[in-house]
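Residue-level listing of the chains:
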Amino acid sequence: MDLPPKRECLEEIKPYVPGKPVEEVKREYNLEEVIKLASNENPLGPSPRAQEAMRESVEEVSFYPDGNCYRLKRILTRRMGVDQEELIIGNGSDELLKLLAETYINPGDEAVMPQPSFSEYDFAMKVMGGISRFVPLRSDFEYDLEAMLEAVNERTRLVFLCNPNNPTGTFVNHRNLSNFIKKLPRGVIVVVDEAYCEYASDPYFPHSLELLEGGHPLLVLRTFSKIYGLAGLRIGYGIGSKQLIADMQRVREPFNVNYMAQVAAAAALEDDLHLARSRNLVEEGRRQVALGLEEMGLYPVPSQANFFFVNIGVDSREAFPLFLKRGIVIRTGDIFGYPNYIRVNFGTLEQNQLFLDALKEVREELGVGEGSPGSG
Ligand SMILES: Cc1ncc(COP(=O)(O)O)c(C=O)c1O
């Protein structure tokens with residue numbers, strides 16, 4: 001077929017590899033039960049209030065949704081003390097990353113981002129012909145903020161910070177983030193991606209909305225895909241200055257967020273009980289998994305998120321099919337540059353136990369028995 005040449009910048013883009021879907025694993029391994037702990041979803045599912053709101057709204061889907069997401073924004077403004085004009089709602093926060101790059105990135109412009117971190121920052125840059133400057137995490141998996149500052153130059157338009165970071169679960173605290181932002185040149189936008197912030201319990205976790213008042217361009221990203229359990233609906237939001245949001249609105253499609261997503265997100269925001277239950281489950285999971293891993297001589301990276309990153313002492317690509325065979329989907333660390341690590345989200349306590357049992361068996365099958373530490 002004679003196609004025109006595709007844009008040059010696309011040569012560098014590798015399609016995103018999502019966590020393996022449950023149905024696919026069931027088919028391939030002839031299993032009835034499969035537990036997916038690979039995409040940091042909420043094992044408790046969507047908030048019951050969101051489910052009810054969706055059921056009640058089914059008939060409305062013959063109408064176009066409100067492109068401005070007025071109702072949802074009204075709840076967000078009330079809960080967060082920001083103005084409607086400081087909010088943008090997206091088809092997942094993924095879309096907001098792309099809109100941001102479409103707004104500010106010309107070919108050859110640069111962004112500084114940690115590595116490993118969420119792959120969509122690089123994708124958003126590459127799609128616009130931008131250049132990603134990767135700054136490795138320190139050996140303790142903390143951000144190397146000094147090195148990130150050094151990577152900023154006159155072509156830098158964006159700096160990405162994922163807080164807590166995916167895949168490590170580590171975080172930058174309020175003071176360090178605030179100082180970092182102050183040291184950046186004026187025209188550089190800081191993107192603080194807080195997809196997992198609701199799970200963070202450390203008292204020094206940033207109050208990012210306070211930092212918005214500091215005057216430096218900042219975009220805080222949040223999502224309904226994680227703690228709110230609405231990943232399948234695709235909805236997230238960004239908070240920034242009125243000028244930044246107005247700039248981004250220019251590239252947003254008129255009806256980018258579907259009606260069900262708006263209805264469900266609005267209801268989920270008001271469901272404090274579901275939020276608390278989801279958070280408590282992760283806190284319990286952290287204790288349970290830390291103990292279970294310790295018995296195997298394994299120590300996860302301290303995580304403020306709903307997942308953990310751990311060196312299992314064997315190549316995760318070899319371990320992966322052995323987990324699948326047992327009906328458990330995890331993420332291998334090779335995609336993040338750490339082949340002996342896996343990233344696993346906390347499930348229900350029962351699912352966590354099944355994971356721990358499976359890990360023990362998988363390590364034995366691969367010849368790493370008890371007392372062979374995998375961390376370090
Ligand atoms: C750090 C981070 N940001 C953003 C997203 C995307 O979220 P959404 O489903 O809102 O597009 C994810 C999803 O995995 C993520 O891990």
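Position numbers for residues count from 1 along each chain, tracking the sequence in the order it is written. Local features in this predicted model are restricted to residues of pLDDT 70 or higher, and side-chain atom pairs are both shown and tallied only at a pLDDT of 80 or more, whereas totals for entire chains, interfaces and linings draw on every residue. Neither water nor hydrogens contribute to the side-chain values; these are computed over all heavy atoms in the structure.

1. Concerning the sheet that holds strand β11 (residues 331-332)
Reasoning step 1: The strand order β9-β12-β11 describes an open sheet built from 3 strands, whose pairing is antiparallel. With partners counted over all chains shown, the strands left at the sheet margins are β9 (307-311) and β11, one partner each.
Reasoning step 2: Strands qualify as paired when DSSP identifies two bridges or more between them. Runs of H or I in DSSP of at least four residues are treated as helices and runs of E of at least two as strands, each being numbered from the N terminus. Two elements, β11 and strand β12 (residues 341-345), share 2 bridges in a ladder whose sense is antiparallel. Directly across from T332, in β12, lies its bridge partner I342.

2. Looking at the layout of surface pockets
Reasoning step 1: Note on definitions: the grid is 1 Å and covers protein atoms alone; a cavity is a set of points where a 1.4 Å probe fits but cannot get out; a pocket is an open set with protein on both sides within 12 Å along at least five of seven lines; lining residues have an atom within 4 Å of a point. Grid points are joined across faces, edges and corners, and a volume is the space filled by probe spheres set on the points. Of the volumes computed, that of the largest pocket is approximately 1,300 Å³.
Reasoning step 2: Along the walls of the largest pocket sit 47 residues, with Y16, V17, F118, S119 and E120 positioned nearest its centre.
Reasoning step 3: When contributions to the lining of the largest pocket are tallied by element, the ones reaching two or more residues are α4 (92-104), β3 (110-115) and α5 (120-127).
Reasoning step 4: Built from parts of two domains, the lining of the largest pocket gets at least three residues from each of domain 1 (8-45 + 273-365) and domain 2 (48-271).
Reasoning step 5: In this model, the second largest pocket occupies a volume close to 440 Å³. An automatic or database domain assignment is the source of the domain bounds shown.

3. Examining the domain arrangement of the chain
Reasoning step 1: When the domains of the chain are assigned, the result is domain 1 (8-45 + 273-365) and domain 2 (48-271).
Reasoning step 2: For domain 1 and domain 2, the distance between their C-alpha centroids amounts to 24 Å.
Reasoning step 3: Contacts between the two partners involve 30 residues from domain 1 and, on the opposite side, 30 residues from domain 2.
Reasoning step 4: Taking both partners together, domain 1 and domain 2 bury about 2,600 Å²; carbon and sulfur atoms supply 62% of that area. We call two residues contacting when some pair of their heavy atoms lies within 4.5 Å. Summed over both partners, the accessible area (1.4 Å probe) lost when two parts come together is defined as the buried area.

4. Description of the pairing of β12
Reasoning step 1: Exposed residues in this analysis have more than 50% of their type's maximum accessible area, buried residues have under 20%, and partly exposed residues fall in between, with area computed by a 1.4 Å probe over protein chains only. Taking burial as the measure, the 5 residues of β12 include 5 buried ones, the bulk of the element.
Reasoning step 2: One ladder, built from 5 bridges, connects β9 with β12; its direction is antiparallel. From the neighbouring strand, F309 faces β12, where its bridge partner is R343.

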